[in-house]
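Remarks on the overall topology
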Amino acid sequence: MNYRELLTNYPLVKKLSLLQFVAYFGAWFSNVAIYTMLVEFGSSAFAISVVTAMHLLPAVIIAPLSGAIIDRFKIKSLMLTLLCTELIMTLLFLTIDSKDELWLLMIFIFIRMGSASMFFSTEMSLLPKIVSGKALQKTNEIHSIIWSFTYAAGMAASGVIVNLWGVKTAIIIDAFFFLAAIILFLNIEFKVDVIHTKEKISTMIKDGFIYLKNNKIVLHLILLHSSVGLTAFDTLVTLLAKNEYKYVIAVPLSIGITNAVRAVALMVGPLFITNWVNKQTLIYIFIFQGLAIIAWGFLQFNFYLALVAVFLTGFTTTTIWSYTYALLQEKVEQKYLGRVISYNDMIFMVSNVLTTLFIGAMANIISLELITIIIGAAFFIVAIYYNSLKDKI
(Lines give C-alpha, C1' and ligand atoms only; values in the text may rest on other atoms or scores of the structure.)
Protein backbone atom coordinates (compact mmCIF):
# COMPACT_ATOMS: atom_id res chain seq x y z
CA MET A 1 0.00 0.00 0.00
CA ASN A 2 1.41 3.38 -1.03
CA TYR A 3 0.38 6.76 0.37
CA ARG A 4 -2.21 7.44 -2.34
CA GLU A 5 -3.87 4.06 -1.82
CA LEU A 6 -3.96 4.63 1.93
CA LEU A 7 -5.68 8.01 1.59
CA THR A 8 -8.14 6.56 -0.97
CA ASN A 9 -9.06 3.54 1.15
CA TYR A 10 -9.31 5.48 4.42
CA PRO A 11 -11.24 8.75 3.80
CA LEU A 12 -11.07 9.69 7.49
CA VAL A 13 -7.27 9.53 7.40
CA LYS A 14 -7.40 11.83 4.36
CA LYS A 15 -9.60 14.37 6.18
CA LEU A 16 -7.48 14.26 9.33
CA SER A 17 -4.36 14.72 7.20
CA LEU A 18 -5.78 17.91 5.69
CA LEU A 19 -6.63 19.14 9.18
CA GLN A 20 -3.08 18.36 10.30
CA PHE A 21 -1.72 20.31 7.36
CA VAL A 22 -3.57 23.51 8.24
CA ALA A 23 -3.22 23.25 12.03
CA TYR A 24 0.49 22.41 11.93
CA PHE A 25 1.23 25.17 9.44
CA GLY A 26 -0.29 27.57 11.93
CA ALA A 27 1.66 26.03 14.80
CA TRP A 28 5.02 26.61 13.12
CA PHE A 29 4.24 29.88 11.36
CA SER A 30 4.54 32.01 14.51
CA ASN A 31 7.77 30.41 15.75
CA VAL A 32 10.08 32.61 13.67
CA ALA A 33 8.10 35.63 14.86
CA ILE A 34 8.55 34.59 18.51
CA TYR A 35 12.30 33.95 18.19
CA THR A 36 12.80 37.15 16.19
CA MET A 37 10.94 39.01 18.94
CA LEU A 38 13.36 37.57 21.50
CA VAL A 39 16.37 38.69 19.46
CA GLU A 40 14.87 42.17 19.00
CA PHE A 41 14.36 42.42 22.78
CA GLY A 42 18.06 41.60 23.30
CA SER A 43 17.31 38.40 25.22
CA SER A 44 20.17 36.28 26.57
CA ALA A 45 20.98 32.78 25.35
CA PHE A 46 19.45 31.32 28.51
CA ALA A 47 16.27 33.38 28.12
CA ILE A 48 15.89 32.11 24.56
CA SER A 49 16.38 28.52 25.74
CA VAL A 50 13.78 28.99 28.51
CA VAL A 51 11.19 30.34 26.06
CA THR A 52 12.00 27.42 23.76
CA ALA A 53 11.59 25.03 26.68
CA MET A 54 8.20 26.61 27.38
CA HIS A 55 7.09 25.20 24.02
CA LEU A 56 7.92 21.75 25.34
CA LEU A 57 7.19 21.73 29.09
CA PRO A 58 3.37 21.54 28.86
CA ALA A 59 3.52 18.03 27.42
CA VAL A 60 5.67 17.00 30.38
CA ILE A 61 3.53 18.58 33.09
CA ILE A 62 0.02 17.74 31.88
CA ALA A 63 0.68 14.31 30.31
CA PRO A 64 -0.82 12.11 33.08
CA LEU A 65 -3.94 14.27 33.24
CA SER A 66 -4.33 14.67 29.48
CA GLY A 67 -3.96 10.92 28.90
CA ALA A 68 -6.82 10.16 31.27
CA ILE A 69 -8.94 12.90 29.70
CA ILE A 70 -8.33 11.50 26.22
CA ASP A 71 -9.38 8.00 27.30
CA ARG A 72 -12.46 9.26 29.14
CA PHE A 73 -14.11 12.03 27.11
CA LYS A 74 -15.52 12.43 23.61
CA ILE A 75 -12.65 12.95 21.22
CA LYS A 76 -14.31 15.40 18.82
CA SER A 77 -15.47 17.84 21.51
CA LEU A 78 -12.06 17.69 23.14
CA MET A 79 -10.17 18.37 19.90
CA LEU A 80 -12.42 21.33 19.01
CA THR A 81 -11.88 22.91 22.43
CA LEU A 82 -8.13 22.52 22.07
CA LEU A 83 -8.07 24.17 18.63
CA CYS A 84 -10.07 27.13 19.95
CA THR A 85 -7.64 27.54 22.84
CA GLU A 86 -4.69 27.61 20.43
CA LEU A 87 -6.40 30.36 18.42
CA ILE A 88 -7.02 32.53 21.50
CA MET A 89 -3.45 32.17 22.80
CA THR A 90 -2.01 33.04 19.37
CA LEU A 91 -4.02 36.28 19.32
CA LEU A 92 -2.72 37.11 22.80
CA PHE A 93 0.86 37.05 21.45
CA LEU A 94 -0.01 40.44 19.92
CA THR A 95 -0.05 41.99 23.40
CA ILE A 96 3.69 41.39 23.99
CA ASP A 97 5.64 44.63 23.42
CA SER A 98 8.78 44.51 25.56
CA LYS A 99 11.34 42.34 27.31
CA ASP A 100 9.56 42.97 30.61
CA GLU A 101 6.57 41.00 29.32
CA LEU A 102 8.47 37.82 28.52
CA TRP A 103 6.90 36.12 31.53
CA LEU A 104 3.48 36.78 29.99
CA LEU A 105 4.66 35.44 26.64
CA MET A 106 5.80 32.26 28.42
CA ILE A 107 2.34 31.81 29.96
CA PHE A 108 0.63 32.20 26.58
CA ILE A 109 3.09 29.77 24.97
CA PHE A 110 2.60 27.30 27.81
CA ILE A 111 -1.20 27.29 27.41
CA ARG A 112 -1.07 27.12 23.63
CA MET A 113 1.48 24.33 23.58
CA GLY A 114 -0.38 22.47 26.32
CA SER A 115 -3.45 22.50 24.07
CA ALA A 116 -1.37 21.56 21.03
CA SER A 117 0.25 18.69 22.93
CA MET A 118 -3.09 17.28 24.05
CA PHE A 119 -4.48 17.69 20.51
CA PHE A 120 -1.51 15.76 19.13
CA SER A 121 -1.84 12.97 21.72
CA THR A 122 -5.57 12.72 21.04
CA GLU A 123 -4.97 12.35 17.34
CA MET A 124 -2.18 9.81 17.77
CA SER A 125 -4.41 7.70 20.04
CA LEU A 126 -7.18 7.96 17.44
CA LEU A 127 -5.09 6.65 14.52
CA PRO A 128 -4.61 3.05 15.83
CA LYS A 129 -8.40 2.84 16.16
CA ILE A 130 -8.75 3.61 12.44
CA VAL A 131 -5.83 1.69 10.89
CA SER A 132 -3.35 -0.98 11.95
CA GLY A 133 -0.22 -2.83 10.84
CA LYS A 134 1.63 -1.43 7.82
CA ALA A 135 -1.22 1.03 7.22
CA LEU A 136 -0.58 2.49 10.68
CA GLN A 137 3.12 2.93 9.94
CA LYS A 138 2.25 4.63 6.63
CA THR A 139 -0.29 6.85 8.40
CA ASN A 140 2.36 7.88 10.93
CA GLU A 141 4.71 8.65 8.06
CA ILE A 142 2.08 10.81 6.34
CA HIS A 143 1.52 12.57 9.64
CA SER A 144 5.24 13.17 10.04
CA ILE A 145 5.70 14.26 6.40
CA ILE A 146 2.90 16.80 6.83
CA TRP A 147 4.54 17.99 10.05
CA SER A 148 7.86 18.33 8.23
CA PHE A 149 6.43 20.11 5.19
CA THR A 150 4.43 22.57 7.28
CA TYR A 151 7.48 23.09 9.47
CA ALA A 152 9.51 23.93 6.35
CA ALA A 153 6.87 26.02 4.61
CA GLY A 154 5.71 27.65 7.84
CA MET A 155 9.21 28.62 8.97
CA ALA A 156 10.28 29.80 5.50
CA ALA A 157 7.11 31.81 4.85
CA SER A 158 7.17 33.28 8.33
CA GLY A 159 10.82 34.27 7.94
CA VAL A 160 9.95 36.24 4.80
CA ILE A 161 6.82 37.80 6.35
CA VAL A 162 8.65 38.82 9.53
CA ASN A 163 11.54 40.27 7.52
CA LEU A 164 9.22 42.31 5.24
CA TRP A 165 6.30 43.28 7.48
CA GLY A 166 7.28 42.45 11.04
CA VAL A 167 6.36 40.18 13.93
CA LYS A 168 2.79 41.37 14.51
CA THR A 169 1.72 40.72 10.91
CA ALA A 170 3.04 37.16 11.09
CA ILE A 171 1.10 36.49 14.29
CA ILE A 172 -2.16 37.82 12.78
CA ILE A 173 -1.72 35.57 9.74
CA ASP A 174 -1.00 32.68 12.09
CA ALA A 175 -4.35 33.21 13.84
CA PHE A 176 -6.16 32.80 10.52
CA PHE A 177 -4.60 29.36 10.06
CA PHE A 178 -6.09 28.21 13.36
CA LEU A 179 -9.46 29.67 12.37
CA ALA A 180 -9.31 27.67 9.12
CA ALA A 181 -8.41 24.53 11.08
CA ILE A 182 -11.46 24.97 13.30
CA ILE A 183 -13.73 25.32 10.25
CA LEU A 184 -12.24 22.19 8.66
CA PHE A 185 -12.60 20.20 11.87
CA LEU A 186 -16.28 21.09 12.22
CA ASN A 187 -16.88 19.33 8.88
CA ILE A 188 -15.18 16.05 9.88
CA GLU A 189 -17.50 13.33 11.18
CA PHE A 190 -16.21 10.34 13.13
CA LYS A 191 -17.32 8.21 16.04
CA VAL A 192 -14.94 6.41 18.37
CA ASP A 193 -16.07 4.36 21.34
CA VAL A 194 -15.12 5.77 24.73
CA ILE A 195 -14.16 2.75 26.82
CA HIS A 196 -13.92 4.51 30.18
CA THR A 197 -16.87 6.75 31.00
CA LYS A 198 -17.40 6.32 34.76
CA GLU A 199 -13.95 5.79 36.21
CA LYS A 200 -12.40 8.60 38.21
CA ILE A 201 -9.61 10.51 36.52
CA SER A 202 -7.28 9.74 39.45
CA THR A 203 -8.00 6.01 39.11
CA MET A 204 -7.31 6.09 35.38
CA ILE A 205 -4.02 7.90 35.91
CA LYS A 206 -2.97 5.29 38.48
CA ASP A 207 -4.01 2.38 36.21
CA GLY A 208 -2.02 3.90 33.37
CA PHE A 209 1.19 3.93 35.40
CA ILE A 210 0.53 0.38 36.61
CA TYR A 211 0.12 -0.71 32.99
CA LEU A 212 3.51 0.78 32.13
CA LYS A 213 5.10 -0.88 35.15
CA ASN A 214 3.79 -4.28 34.06
CA ASN A 215 4.78 -3.85 30.41
CA LYS A 216 8.50 -3.13 30.38
CA ILE A 217 8.86 -3.35 26.61
CA VAL A 218 6.35 -0.50 26.22
CA LEU A 219 8.48 1.61 28.55
CA HIS A 220 11.61 0.74 26.56
CA LEU A 221 9.88 1.79 23.33
CA ILE A 222 8.89 5.09 24.91
CA LEU A 223 12.52 5.74 25.86
CA LEU A 224 13.68 4.74 22.40
CA HIS A 225 11.21 7.10 20.72
CA SER A 226 12.35 9.93 23.01
CA SER A 227 15.77 9.87 21.33
CA VAL A 228 14.25 12.04 18.60
CA GLY A 229 14.14 14.79 21.24
CA LEU A 230 17.91 15.09 20.83
CA THR A 231 17.17 16.86 17.54
CA ALA A 232 15.45 19.82 19.28
CA PHE A 233 17.62 22.37 17.51
CA ASP A 234 15.50 25.55 17.76
CA THR A 235 17.74 27.18 20.37
CA LEU A 236 20.89 26.12 18.51
CA VAL A 237 19.59 27.53 15.22
CA THR A 238 18.56 30.79 16.91
CA LEU A 239 21.96 31.19 18.61
CA LEU A 240 23.81 30.48 15.37
CA ALA A 241 21.71 33.14 13.64
CA LYS A 242 22.27 35.61 16.47
CA ASN A 243 25.99 35.03 17.04
CA GLU A 244 27.44 33.66 13.81
CA TYR A 245 25.30 34.39 10.77
CA LYS A 246 23.86 37.87 11.43
CA TYR A 247 26.71 39.38 9.37
CA VAL A 248 25.89 37.11 6.44
CA ILE A 249 22.09 37.16 6.39
CA ALA A 250 19.22 38.74 8.34
CA VAL A 251 18.38 36.90 11.58
CA PRO A 252 14.77 35.94 10.68
CA LEU A 253 15.88 34.73 7.25
CA SER A 254 18.71 32.69 8.77
CA ILE A 255 16.32 31.03 11.22
CA GLY A 256 13.66 30.46 8.58
CA ILE A 257 15.98 29.11 5.88
CA THR A 258 17.90 26.80 8.23
CA ASN A 259 14.74 25.29 9.65
CA ALA A 260 13.18 25.07 6.20
CA VAL A 261 16.14 23.16 4.73
CA ARG A 262 16.10 20.69 7.61
CA ALA A 263 12.34 20.29 7.34
CA VAL A 264 12.53 19.58 3.61
CA ALA A 265 14.87 16.72 4.51
CA LEU A 266 12.41 15.57 7.17
CA MET A 267 9.76 15.49 4.45
CA VAL A 268 11.64 13.74 1.63
CA GLY A 269 13.66 11.32 3.75
CA PRO A 270 10.83 8.80 4.30
CA LEU A 271 10.15 8.67 0.56
CA PHE A 272 13.55 7.01 0.12
CA ILE A 273 13.81 5.10 3.40
CA THR A 274 10.30 3.83 4.19
CA ASN A 275 10.54 0.53 2.27
CA TRP A 276 14.02 -0.17 3.58
CA VAL A 277 13.54 0.37 7.30
CA ASN A 278 12.83 -2.61 9.54
CA LYS A 279 13.87 -3.87 12.96
CA GLN A 280 17.25 -4.99 11.63
CA THR A 281 18.18 -1.83 9.72
CA LEU A 282 16.94 0.73 12.26
CA ILE A 283 20.29 0.60 14.09
CA TYR A 284 22.07 1.94 10.97
CA ILE A 285 19.59 4.80 10.76
CA PHE A 286 20.46 5.81 14.33
CA ILE A 287 24.16 5.74 13.43
CA PHE A 288 23.60 7.83 10.30
CA GLN A 289 21.62 10.36 12.36
CA GLY A 290 24.54 10.79 14.74
CA LEU A 291 27.12 11.15 11.95
CA ALA A 292 24.99 13.78 10.18
CA ILE A 293 24.69 15.92 13.32
CA ILE A 294 28.44 15.68 13.94
CA ALA A 295 29.07 16.78 10.34
CA TRP A 296 26.81 19.79 10.93
CA GLY A 297 28.91 20.71 13.95
CA PHE A 298 32.10 20.75 11.88
CA LEU A 299 30.51 22.82 9.08
CA GLN A 300 28.81 25.50 11.20
CA PHE A 301 31.59 27.98 10.51
CA ASN A 302 30.03 28.60 7.08
CA PHE A 303 26.29 29.31 6.76
CA TYR A 304 25.93 27.81 3.28
CA LEU A 305 28.00 24.68 3.93
CA ALA A 306 26.08 24.20 7.17
CA LEU A 307 22.82 24.08 5.20
CA VAL A 308 24.05 20.93 3.45
CA ALA A 309 24.75 19.26 6.78
CA VAL A 310 21.45 20.51 8.20
CA PHE A 311 19.69 18.70 5.35
CA LEU A 312 21.47 15.47 6.30
CA THR A 313 20.48 15.87 9.96
CA GLY A 314 16.83 15.78 8.96
CA PHE A 315 16.98 13.02 6.35
CA THR A 316 16.49 10.10 8.76
CA THR A 317 14.75 11.84 11.68
CA THR A 318 11.21 11.36 10.35
CA THR A 319 11.79 7.66 9.83
CA ILE A 320 13.07 7.23 13.38
CA TRP A 321 10.06 9.13 14.72
CA SER A 322 7.37 7.33 12.70
CA TYR A 323 8.81 3.80 12.94
CA THR A 324 9.41 3.88 16.71
CA TYR A 325 5.95 5.42 17.19
CA ALA A 326 4.33 2.61 15.19
CA LEU A 327 6.20 0.00 17.24
CA LEU A 328 4.82 1.58 20.40
CA GLN A 329 1.22 1.95 19.14
CA GLU A 330 1.10 -1.71 18.11
CA LYS A 331 2.26 -2.88 21.56
CA VAL A 332 -0.36 -1.00 23.60
CA GLU A 333 -3.86 -2.22 24.45
CA GLN A 334 -6.51 0.08 22.98
CA LYS A 335 -8.09 1.03 26.30
CA TYR A 336 -4.73 2.41 27.48
CA LEU A 337 -3.77 4.16 24.22
CA GLY A 338 -4.62 7.69 25.32
CA ARG A 339 -2.63 7.43 28.53
CA VAL A 340 0.37 5.62 27.08
CA ILE A 341 0.56 8.01 24.10
CA SER A 342 0.44 10.95 26.52
CA TYR A 343 3.15 9.41 28.70
CA ASN A 344 5.19 8.82 25.56
CA ASP A 345 4.80 12.46 24.53
CA MET A 346 5.75 13.48 28.08
CA ILE A 347 9.04 11.56 27.97
CA PHE A 348 9.65 12.76 24.42
CA MET A 349 9.21 16.37 25.52
CA VAL A 350 11.46 15.82 28.56
CA SER A 351 14.12 14.81 26.07
CA ASN A 352 13.42 17.97 24.05
CA VAL A 353 13.52 20.17 27.15
CA LEU A 354 16.77 18.65 28.44
CA THR A 355 18.37 19.07 25.01
CA THR A 356 17.17 22.67 24.80
CA LEU A 357 18.36 23.58 28.30
CA PHE A 358 21.67 21.79 27.70
CA ILE A 359 22.26 23.95 24.62
CA GLY A 360 21.29 27.15 26.46
CA ALA A 361 23.37 26.39 29.55
CA MET A 362 26.47 25.23 27.67
CA ALA A 363 26.43 28.01 25.04
CA ASN A 364 28.39 30.33 27.36
CA ILE A 365 30.89 27.61 28.33
CA ILE A 366 31.79 25.74 25.14
CA SER A 367 31.38 26.41 21.43
CA LEU A 368 28.16 25.70 19.53
CA GLU A 369 30.23 23.36 17.34
CA LEU A 370 31.19 21.18 20.30
CA ILE A 371 27.62 21.19 21.64
CA THR A 372 26.41 19.89 18.30
CA ILE A 373 29.06 17.16 18.16
CA ILE A 374 28.13 15.96 21.67
CA ILE A 375 24.46 15.68 20.64
CA GLY A 376 25.45 13.72 17.53
CA ALA A 377 27.58 11.33 19.58
CA ALA A 378 24.57 10.63 21.81
CA PHE A 379 22.90 8.82 18.90
CA PHE A 380 25.66 6.21 18.96
CA ILE A 381 24.55 5.41 22.53
CA VAL A 382 20.95 5.20 21.27
CA ALA A 383 22.06 2.71 18.59
CA ILE A 384 23.69 0.51 21.26
CA TYR A 385 20.53 0.73 23.39
CA TYR A 386 18.32 -0.30 20.47
CA ASN A 387 20.61 -3.20 19.61
CA SER A 388 20.05 -4.59 23.11
CA LEU A 389 16.24 -4.33 22.64
CA LYS A 390 15.51 -5.37 19.07
CA ASP A 391 15.14 -9.10 19.76
CA LYS A 392 12.47 -8.38 22.42
CA ILE A 393 10.31 -6.11 20.25
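Described in the following lines is the structure provided in the data block. (Residues numbered from 1 in each chain as written. Predicted model: local features only at pLDDT ≥ 70, side-chain atom pairs only at ≥ 80, totals over all residues. Heavy atoms only, no water.)

Quick look at the overall build of the protein
- Along the backbone of the protein there are 18 helices and 0 strands.
- Expected size for 393 residues packed as a compact globule is a radius of gyration near 21 Å; at 20 Å, the protein falls within 12% of this value.
- When its C-alpha atoms are laid out on the principal axes, the protein stretches across 55 × 45 × 40 Å.
- Within the span of the protein, comprising 393 residues, buried residues form 59% of the whole.
- In the protein, the share of contacts with a sequence separation of at least 24, taken over all contacts with a separation of at least 6, comes to 86%. (Helix = DSSP H or I, 4+ residues; strand = E, 2+ residues; numbered from the N terminus. Rg over C-alpha atoms; globule rule 2.2 N^0.38 Å. Buried < 20%, exposed > 50% of the residue type's maximum accessible area, 1.4 Å probe, protein only. Contact = heavy atoms within 4.5 Å.)

What to know about a nonpolar patch on the surface
- Taken together, the side chains of Trp 276, Tyr 284, Ile 287, Leu 291 and Phe 380 define a hydrophobic patch exposed on the protein surface, amounting to about 500 Å² of accessible area.
- Ranked by residue count, the leading element in the nonpolar patch is helix α14 (residues 282-299), at 3 residues.
- Mapped onto the fold, Leu 291 is located in helix α14. (Patch = residues over 30% accessible without salt bridge, like charges linked within 9 Å, V, L, I, M, F, W, Y side chains within 5 Å. Areas by Shrake-Rupley, 256 points an atom, 1.4 Å probe, with all protein chains shown as cover. Salt bridge = Lys/Arg side-chain N within 4 Å of Asp/Glu carboxyl O.)

Comments concerning helix α13 (residues 251-273)
- For α13, which comprises 23 residues, the first-to-last C-alpha distance of 33 Å matches the rise-based estimate of 33 Å (1.5 Å per residue) to within 8%.
- Along α13, the sharpest kink reaches roughly 25 degrees, centred on Met 267 and followed within four residues by the proline Pro 270. (Expected span 1.5 Å × (residues − 1). Bend = angle between axes of the 7 residues up to and from the residue.)

Regarding the packing of aromatic side chains
- If you walk through the whole model with that rule in mind, you get 9 aromatic pairs.
- Seen in terms of ring centroids, Tyr 245 and Phe 303 are 5.0 Å apart; in terms of plane orientation they differ by 65 degrees. Their pairing is edge-to-face. Of this pair, Tyr 245 sits in the loop between α12 (234-243) and α13 while Phe 303 sits in helix α15 (residues 303-315), and the two are 58 residues apart along the sequence. Each member of the pair, Tyr 245 as well as Phe 303, carries the same accessibility label: buried.
- Taken together, a centroid distance of 5.1 Å and an interplanar angle of 80 degrees make the contact between Phe 303 and Tyr 304 edge-to-face.
- Classification of Phe 303 as buried rests on a relative accessible area of 3%. (Phe/Tyr/Trp six-rings, centres within 6.5 Å; stacked < 30°, edge-to-face > 60°.)

Thoughts on the environment of Leu 282
- The residue Leu 282 is located in helix α14 in this model.
- Judged by relative accessible area, Leu 282 falls into the buried class, the value being 0%.
- In sequence terms Leu 282 and Ile 320 are 38 residues apart; their C-alpha atoms lie 7.6 Å from each other.
- Dropping the residues within four chain positions of it, Leu 282 is found in contact with Val 277, Tyr 323, Thr 324 and Tyr 386.

Focus on the side chain of Gln 300
- By secondary structure assignment, the location of Gln 300 is in the loop between α14 and α15.
- For Gln 300, a relative accessible area of 5% translates into the label buried.
- Ignoring anything within four residues of it in the chain, the contact list for Gln 300 reads Leu 236, Leu 240, Tyr 245, Ala 306, Leu 368, Glu 369 and Thr 372.

Some words on the environment of Val 39
- Mapping Val 39 onto the fold places it in helix α3 (residues 31-40).
- Spatially, the C-alpha atom of Val 39 lies 38 Å from that of Ser 77, the residues being 38 residues apart in sequence.
- When sequence neighbours within four positions are dropped, the list of residues in contact with Val 39 reads Thr 238 and Val 251.

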